[in-house]
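Remarks on the overall topology
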Amino acid sequence: MRGVVSGVAAPLMRRNVDTDAIIPSREMKRVSREGLGEGLFANWRYTDLATREEAPDFVLNRARYRQAKILISGDNFGCGSSREHAVWALADWGIGAIIAPGFGEIFQANCAQNGIVAVVLPEEQVDAIGAEAERRELRLTVDLGACEVQRVGDRALPFSMKPREREMILKGLDPIALTLSEHAAAIEAFEKSDRTARPWA
Amino acid sequence: MSAVPRTLFEKLWAAHEVAQTDDGQSLIAIDRIFLHERTGTLALQALEKAGRTIRHPERAFCVMDHIVDTVPGRPGLTRMPGGAEFMTATREAAREAGIRLFDIDDPNQGIVHVISPELGIALPGLTLVCPDSHTCTVGGLGALAWGIGTTQAEHALATGTLRVEKPLSMRVNFAGRPDPAVTAKDLILAVIAKHSATGGLGCAVEFAGEAIDALGVEGRMTLCNMAIEFGAWTGMVAPNQDVFEYVSGREFSPRGALWDEALAAWRGLKTDEGAEFDRELELDCEGMAPQVSWGTSPEHSIGVDAQVPEPSGEAGRREAMRRALDYMDLAPGQKMDELEIGAAFIGSCTNARLSDLRAAAKLLDGRRVAEGVKAICVPGSMTVRAAAEAEGLHRVFENAGFEWHESGCSMCFYAGGDGFGGMRAVSSTNRNFENRQGPGARTHLASPATVAASAVAGRLTDPRKLG
């Protein structure tokens with residue numbers, strides 16, 4: 001179901017996780033949106049980039065988190081480069097939702113374009129569930145329809161999302177088709193008057 | 001007379017608002033779209049696959065900059081694993097789409113945010129987008145420009161518009177007159193250090209004040225370039241006479257009667273007296289030293305004459321600082337200007353324009369890079385490179401021991417070269433993220449003058465001390 005992600009949550013509790021860290025440029029090896037999961041967090045995940053020897057302590061390499069569906073992280077997640085490959089790499093690896101106190105804006109928009117739920121929660125709540133996910137296997141459900149992060153035996157944590165981004169994920173909308181069907185006349189009219197107003201543009 | 005005073009941002013926004021949607025977004029008309037081989041080609045391919053066309057191919061452009069080899073003669077075309085496929089695919093996609101491509105052998109080739117103003121593709125009062133986060137650079141001309149993802153680029157190409165939630169407006173006021181050695185790069189690093197890497201989140205930021213008025217056109221672009229490192233949606237500076245003269249006569253700039261009309265419109269591109277911003281921040285420039293970064297976020301910046309700070313603030317910030325110190329192999333209290341460097345880089349969309357190269361060359365003239373320091377200069381465009389060579393700057397760089405490269409993004413992110421893996425590097429770029437310039441590379445961001453002075457001294461150095 002669109003907008004519902006259930007599974008183990010993996011804690012990557014650091015601030016400013018940038019898109020170069022999520023997928024280093026050198027890991028973008030083909031002109032494709034596919035198969036990028038192997039390069040996900042490559043500099044942290046592998047001790048040797050060439051042989052792909054795993055760093056045993058990195059969160060996604062630990063047995064408990066290998067099937068994680070949700071990532072919990074610090075503020076400003078996805079800052080830096082606009083590369084949508086960061087979102088494609090997370091999705092390819094298996095991440096469907098990310099919970100953080102805040103996101104880089106371009107990354108957040110890229111998530112919505114690809115059906116990934118970027119959940120903003122207050123920092124103390126993120127820290128608390130991050131610590132819990134560190135202590136034990138924490139299973140969460142991110143339910144975008146209900147706008148809640150749900151936990152068994154505990155109260156749900158409500159969150160909000162921009163209406164358009166929420167709708168895009170829930171309905172799997174194609175924004176280009178939507179714009180062309182809803183606003184074709186407005187675009188025509190704008191361009192006509194703009195040619196008079198700004199002929200130099 | 002307009003009744004309500006408006007900000008520069010309000011004026012730019014209103015001039016491009018096609019429609020408001022019922023979910024709180026606006027449809028914004030996009031005047032120019034620039035693509036590059038790393039992220040743009042996928043957008044062109046996806047459009048073609050979906051059977052869609054580009055609404056205004058004459059307003060779309062593409063360049064090879066990100067992964068091109070910058071070693072003189074470009075012997076390998078690219079040094080990025082799998083990079084050749086990106087370049088071939090870009091040529092094919094641009095040809096199919098019928099858009100102008102600035103290929104590696106084009107005399108106008110260079111880093112997208114350097115060539116878009118050089119060619120008059122970016123102009124005051126225009127909206128410009130590119131699937132690249134540093135698109136905000138051309139806010140320095142008074143354009144409304146911002147970075148987007150690949151899928152959004154498809155939308156812009158197909159519809160000539162983007163759906164955007166209107167950002168808040170912010171003004172950052174630079175108070176006081178900075179020391180002549182303090183450059184645009186130092187100013188923006190200081191803003192980010194003071195107000196954090198998320199200080200501008202959700203905002204269209206106008207930079208203003210005496211220090212900004214005094215900045216040259218290229219300095220304004222350096223300043224706005226790092227608006228993204230401030231977390232901002234974009235940055236901008238109200239254009240002045242210098243900007244109008246800068247854009248005049250360029251290949252895609254308006255001419256004749258159209259130029260007069262444009263100029264008349266551009267003269268109104270400023271914040272009206274009494275206009276209100278959603279947020280206002282301030283930075284005191286008085287007594288500020290040239291800045292360098294010490295950590296792994298641009299917010300980890302400090303005066304080059306200062307000491308490595310002690311982790312402080314709330315828990316998350318302290319932890320991030322500790323982690324950064326560990327990665328950078330530094331301890332609190334160490335003097336920044338005693339840190340020895342192994343590499344020096346002048347390049348990138350932040351600081352590789354002609355004025356940047358002149359500032360560095362002034363310090364390098366008659367001097368040599370310290371023994372064992374790998375020093376590279378990569379001009380921001382082939383036009384910059386040619387102009388620098390016409391002044392003999394390449395000889396100054398080469399005589400000082402710098403490599404003199406062809407243009408491209410290059411070592412800003414470990415693309416067109418061997419990388420600074422494991423080295424401590426001083427760099428005129430924009431991101432000091434872990435591993436950004438190569439595995440284990442420790443990057444200190446600084447102005448071109450500080451990079452040049454540091455290269456000569458072999459350690460981070462205040463350019464004023466070199467005389």
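So, how was this worked out
- Residues numbered from 1 in each chain as written.
- Chains lettered and ligands numbered in written order.
- Predicted model: local features only at pLDDT ≥ 70, side-chain atom pairs only at ≥ 80, totals over all residues.
- Domains from an automatic or database assignment.
- Contact = placed C-beta atoms within 7 Å.
- Nonpolar A, V, L, I, M, F, W, Y, C, P; charged D, E, K, R; others polar.
- Pairing = 2+ DSSP bridges.
- Helix = DSSP H or I, 4+ residues; strand = E, 2+ residues; numbered from the N terminus.
- Axes fitted to C-alpha atoms, helices over the stretch in contact; angles between N-to-C directions.
- Core = buried A, V, L, I, M, F, W, Y, C linked by C-beta atoms within 7 Å.
- Buried ≥ 20, exposed ≤ 12 C-beta atoms within 10 Å, placed from the backbone.
- pLDDT = per-residue confidence, 0-100.

Time to look at the domain arrangement of chain B. Residues and elements named next belong to chain B. Domain annotation of chain B identifies domain 1 (26–163) and domain 2 (292–466). On a C-alpha basis, the centres of domain 1 and domain 2 stand 27 Å from each other. Counting residues at the interface gives 22 residues for domain 1 and 19 residues for domain 2. Within the side of domain 1 that touches domain 2, the residues separate by chemical class into 9 nonpolar, 8 polar and 5 charged.

With that settled, the discussion passes to the sheet that holds strand β4 (residues 60–63) of chain B. Residue and element names in this part refer to chain B. Strand order in the open sheet formed by 5 strands is β5-β4-β3-β6-β7, with parallel pairing between adjacent strands. Here the strands that pair on one side only, and so sit at the sheet edges, are β5 (100–102) and β7 (144–147). Taking each pair of neighbouring strands and ignoring which way they run, the sheet shows an average axis angle of 20 degrees. The pairing of strand β6 (residues 127–130) with β7 spans 4 bridges and is classified as parallel. Note on β7: the bridge partner recorded for T127 is L144.

Moving on to the nonpolar core. A:I70, A:I72, A:I98, B:I33, B:V129, B:A344 and B:A360 are the most contacted members of the largest nonpolar core, which has 220 residues in total. Sorting elements by how many residues they give to this core places helix α6 (residues 184–195) of chain B first, with 8 residues. For B:V129, the residues in contact, after removing those within four places along its chain, are B:I30, B:I33, B:T135, B:A145, B:W146, B:I148, B:A156 and B:L162.

Another point: the domain arrangement of chain A. The domain boundaries assigned to chain A delineate domain 1 (4–161) and domain 2 (173–201). Distance from the C-alpha centre of domain 1 of chain A to the C-alpha centre of domain 2 of chain A: 36 Å.

On to the interface of chain B and chain A, then. The partner chain A presents 48 residues to the 59 residues of chain B that form the contact. Only β1 (17–20), β2 (26–29), α2 (40–49), α3 (83–97), α5 (150–159), β8 (161–164), α10 (256–266) and α11 (315–328) of chain B provide two or more residues apiece to the side of chain B that touches chain A. Per element, the largest residue contribution to the side of chain B that touches chain A is 7 residues, and it comes from α5(B). For the side of chain B that touches chain A, a count of residues per class yields 26 nonpolar, 20 polar and 13 charged.

Residue and element names in this part refer to chain B. The element α2 is largely enclosed, with a buried count of 7 among its 10 residues. Those residues of α2 that sit buried are G40, T41, L42, A43, L44, Q45 and L47. Each element contacted by the buried residues of α2 is listed here: β3 (32–36), β4, α3 and α5. Positive phi shows up at G51, right after α2, with a value of about 75 degrees.

Residues and elements named next belong to chain B. Across the sheet, which stays open at both edges, the 3 strands sit in the order β1-β2-β8 with antiparallel pairing between neighbours. Where the open sheet ends on each side, the last strands, each with one partner, are β1 and β8. Going from strand to strand, the sheet's axes swing by 25 degrees on average, the running direction of each strand aside. Sheet topology note: the β2/β8 ladder contains 4 bridges and is antiparallel. Among the inter-strand pairings, A29 is bridged to a residue of β8, identified as T161.

Looking now at the pairing of β6(B). All names here are of chain B. Burial along β6 is two-sided: T127 and V129 facing one way and L128 and C130 facing the other are all buried. Pairing of β3 with β6, which is carried by 2 bridges, proceeds in the parallel orientation. What sits directly across from R32, in β6, is L128.

On to the pairing of strand β9 (residues 154–158) of chain A, then. All names here are of chain A. With 3 bridges joining them, strand β8 (residues 148–151) and β9 adopt antiparallel strand pairing. Note that in β9 the partner of R151 across the bridge is D154. The antiparallel pairing of β8 with β9 creates a hairpin that spans 2 residues between the two strands, and G153 there sits at a positive phi of about 75 degrees.

Below, the discussion takes up the confidence of the model for chain B. Averaged over all residues, the pLDDT of chain B equals 96, while 99% of them reach at least 70. The ipTM value of the predicted complex is 0.96, and its pTM value is 0.97.

Turning next to the environment of B:L460. Along the chain, B:L460 falls in the loop between α15 (448–457) and α16 (463–466). Sequence-wise, B:L460 and B:K11 are 449 residues apart; in three dimensions their C-alpha atoms are separated by 43 Å.

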